[in-house]
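Letter by letter, the chains look like this.
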Amino acid sequence: MRPQANSEVSVLPVQNLRHIRASQAFTTLQRTFEDKDGEAVEQQRSLFRMLRLINFLVLSVGVLSGLVLAGTIAGDRATGWVAEWRPAIARATWIAGLAITVCGVLATVLGQFIRGGDRLGRWRSLRSEAEVARGQKYATLARLAAAAGPGPALEALEAVGKELLEDQRAYYVRRAREHRASAGVTGVWTGISLALSALASATAVAVLANFSVEWLLVLGVIGAAVGAYAVDRENLLRDRGNADLYERVAERLGILAASQDRVAAEIHGGNAQAVVVFTDLVVEELQAEHRQWREALAVAQEQIDRLEERLREARGRASAQAGSSAGGAAPQTGGAPRGGTEAGNAGAPATAERGSTRSVAAELARWKPLLNAAASVLPPPHGERARVLSSEISTVLAPLDSDAPVSSRISAAATLAERLRVENPLGQWLTGALPRLAPVLGTVIPPLGMVLGIAAIGARLGEDAYRRWVARVLQAPIAPGLLEPTALTSTMVLAAMEGAPEFADAWAAEREQQNLAAITEMGRLVVEDPEELWSREQARFSGDRAAFDRGLEAMRRTLLARAVEEDTASIPRAELPDGASPPQLLDAVSRVQSDPEGRATLQTVVQLMHELRNEGEVDPVASLRLAHPGGTNP
């Protein structure tokens, strides 16, 4: 959103920057910015204090649940002199249970306070108003200065460069550094969770050390609580996503800063409006960052909305483990060892559980490349949520690699798998983006069919053919090495000339004389070395480089289309989704390319396919059908 010029700009009798800063137009915006910025900062501090406290309370519920489980195990197993401590253990367990209730109530009250007062929405609105006022303030300064002449315009350029551009650039560099450091702290919490989960799965070590396996359940509960806290912390602070975003913005602001000398030269040359153009560019860059920041806040809102569910999960871990402990610790009656039918019956549930564990682990492993690809490609907040979920999968999968994973980790894995089936960021993005392609595609092919078709063909092609397919779909410039010069024939070059009248006219004599060698050599240079072709043959175009470039582009696109046609000719139509042939898919792609929004969606889809290929995914169609809620139907 580019700030609009104030109607007073052309009539205010200002002489220099000091007068401009004292003008009513500027001082009003200055006060607005200071008021909104101050209130937004205070709202942010208050909101994040409460959100951090809620996260800590949820962590406390999980850890205390583990201590309650420990107290239960200790009380049930206390023998000898330890039995004297049973009353104290029971009291401590009761106190821990009471603390769980208190922490849960406090977290619920704080969550309701945040939701009821719409604290997040209020902060978001104030921050947006402050950023708009900041941009309008400097846009007004630049316009007033430009109206006053080159002298004030140069002063305004210096002020914008120092007070807006460099100030914000330093802010983004500093905040990116802080977010990187904070991401390291989250990594420590994740490491602790993984370590506890690994210990909880170390049944063999416990047996060798003559250590009761039941105590490993306590480590499992606490490890799960710490892991959930690490995920919640990342969701709240968005350290990695914000660090990446801020580093990119700082880099782009640095590029703008480097252009200040050229802007100053323009102003010296009498073009005072150059400062307006420069300021608008800086403001637009900052506004673009702010829009991305606002979109990513959806992750924090979701965390607030899921508070009750998070508390239930934290409390439920201990209950699941307690049940597992009780079932596994039932005393054996009679002195006879287990054997025969009894042993066989005991082994059946264990075998079924191992099979279930493998099934859940395999399903989560299928999600991993999908979420990694989505995290690299999708816009906020979908990309951020994919990154968080991918990290959560790693945390959940690690304990399942052991021979005897604890039941709480199996339950956590199954819960995560169910969440991904019902709601995942890639499926949400596809659900929102694909319907907007339907009016463009008409009855040619359903949007999902086009996406799956592009993926299916790409998966069947070797590396060189795959690169050509991507270039054809994206209508991208022909990169070096994309076409093989030695594979060209005079027939192919002559066919390409039909769509390039500039080249057809330039080589009209050779075509008439059937000088196929000259035509083939021209085609080779079109693909391999266009500059050499121009150097040799520019006289054929009367020195008109624009005509040469137009013909060159048409020739190369036609040659690429012919190569892609040959690459895909052997793919049976029946094996493609919706039974669409490659030419039908390319017709659909051409329609989408004509629509700016559709073109952007198509680029994201192709980038997603490319990331899936890099992740080693051999069946992207099956992966997309897994992610898309309606993807099971072709």
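Please refer to the structure placed before this passage.
Residues numbered from 1 in each chain as written. Predicted model: local features only at pLDDT ≥ 70, side-chain atom pairs only at ≥ 80, totals over all residues. Heavy atoms only, no water.

1. A look at the overall build of the protein
Counting its secondary structure elements, the protein contains 28 helices and 0 strands. Evaluated residue by residue, the protein yields a buried proportion of 47% over its 634 residues. Of the contacts made within the protein by residues no fewer than 6 positions apart, 80% connect residues no fewer than 24 positions apart. (Helix = DSSP H or I, 4+ residues; strand = E, 2+ residues; numbered from the N terminus. Buried < 20%, exposed > 50% of the residue type's maximum accessible area, 1.4 Å probe, protein only. Contact = heavy atoms within 4.5 Å.)

2. Let's talk about the packing of aromatic side chains
Enumeration over the complete set of coordinates arrives at 11 aromatic pairs. Between W189 and Y229 the ring centres are 4.8 Å apart and the planes differ by 70 degrees, which places this aromatic pair in the edge-to-face class. Linking W189 in helix α5 (residues 150-200) with Y229 in helix α7 (residues 214-237), this pair joins segments that are 40 residues apart in sequence. Ring pairs connect the aromatic residues F503, W507, W534, F541 and F548, which therefore count as one cluster. Over the ring of Y466 we find R613, and its NZ or CZ is 3.9 Å from the ring centre. (Phe/Tyr/Trp six-rings, centres within 6.5 Å; stacked < 30°, edge-to-face > 60°. Lys NZ or Arg CZ within 6 Å of the ring centre and 35° of its normal.)

3. Comments concerning the environment of R387
Within the secondary structure, R387 is located in helix α14 (residues 382-400). Placed 12 residues apart in sequence, R387 and A375 show a C-alpha to C-alpha distance of 5.0 Å. Setting aside residues no more than four positions away along its own chain, R387 makes contact with R240, G241 and A375. A polar atom in the side chain of R387 sits 3.2 Å from the backbone oxygen of A375. (Polar contact = N/O pair within 3.5 Å; in protein donor to acceptor, adjacent residues only side chain to side chain.)

4. Looking at empty space enclosed by the protein
In the structure shown here, the tally under the stated rule is 2 cavities of 30 Å³ or more. In this structure, the second largest cavity encloses a volume near 30 Å³. As for the second largest cavity, its lining consists of E131, R134, G135, V283, L286 and Q287. Listed by contribution, the elements that provide at least two residues to the lining of the second largest cavity are α4 (119-148) and α10 (274-296). Here the lining of the second largest cavity is built from residues that sort into 2 nonpolar, 2 polar and 2 charged. (1 Å grid on protein atoms, 1.4 Å probe; cavity = no way out; pocket = protein on both sides within 12 Å on 5 of 7 lines; lining within 4 Å. Points joined across faces, edges and corners; volume = space filled by probe spheres on them. Nonpolar A, V, L, I, M, F, W, Y, C, P; charged D, E, K, R; others polar.)

5. Examining the packing of helix α23 (residues 516-528) against helix α24 (residues 530-537)
Describing two packed helices takes the angle between their axes plus the distance from one axis to the other. Where α23 contacts α24, the two axes come as close as 6 Å, and the packing angle between them is 130 degrees. One way to sum up the angle between α23 and α24 is to call them oblique. Along the contact surface, α23 presents E521, M522, L525, V526 and E528, while α24 presents P530, E532, L533 and R536. Taken together, the residues of the contact of α23 with α24 sort by class into 5 nonpolar, no polar and 4 charged. (Axes fitted to C-alpha atoms, helices over the stretch in contact; angles between N-to-C directions. Parallel < 35°, antiparallel > 145°, perpendicular 65-115°, else oblique.)

6. Looking at the nonpolar core
Among the nonpolar cores identified, the biggest contains 86 residues, and L364, L426, M450, F503, M522, M555 and L624 are the most heavily contacted of them. For this core, the leading source of residues is helix α13 (residues 340-377), giving 9 residues. Of all hydrophobic cores here, the second largest spans 36 residues; its members include I20, Y138, A156 and L256. (Core = buried A, V, L, I, M, F, W, Y, C linked by side-chain atoms within 4.5 Å.)

7. Quick notes on a nonpolar patch on the surface
Together, W94, I95, L98, V102 and L106 make up a nonpolar patch on the protein surface, roughly 520 Å² of accessible area in all. Assignment of secondary structure puts L98 in helix α3 (residues 86-116). With a relative accessible area of 43%, L98 lands in the partly exposed category. (Patch = residues over 30% accessible without salt bridge, like charges linked within 9 Å, V, L, I, M, F, W, Y side chains within 5 Å. Areas by Shrake-Rupley, 256 points an atom, 1.4 Å probe, with all protein chains shown as cover. Salt bridge = Lys/Arg side-chain N within 4 Å of Asp/Glu carboxyl O.)

8. A closer look at the pattern of salt bridges
Two side chains with opposite charge may pair up if their charged atoms get near one another. Within this structure, the stated rule accounts for 29 salt bridges. Here R175 makes a salt bridge to E178, at a shortest N to O gap of 2.4 Å. Pair noted here: R175 and E178 are both in helix α5, with a separation of 3 residues, about one helical turn. Classification of R175 by relative accessible area gives partly exposed; the value is 22%. Taking the shortest distance from any N to any O, the salt bridge between E285 and R252 comes out at 2.6 Å. In this pair, E285 is assigned in helix α10 and R252 in helix α8 (residues 239-258), connecting sequence segments 33 residues apart. The exposure class assigned to E285 is buried, which follows from its relative accessible area of 16%.

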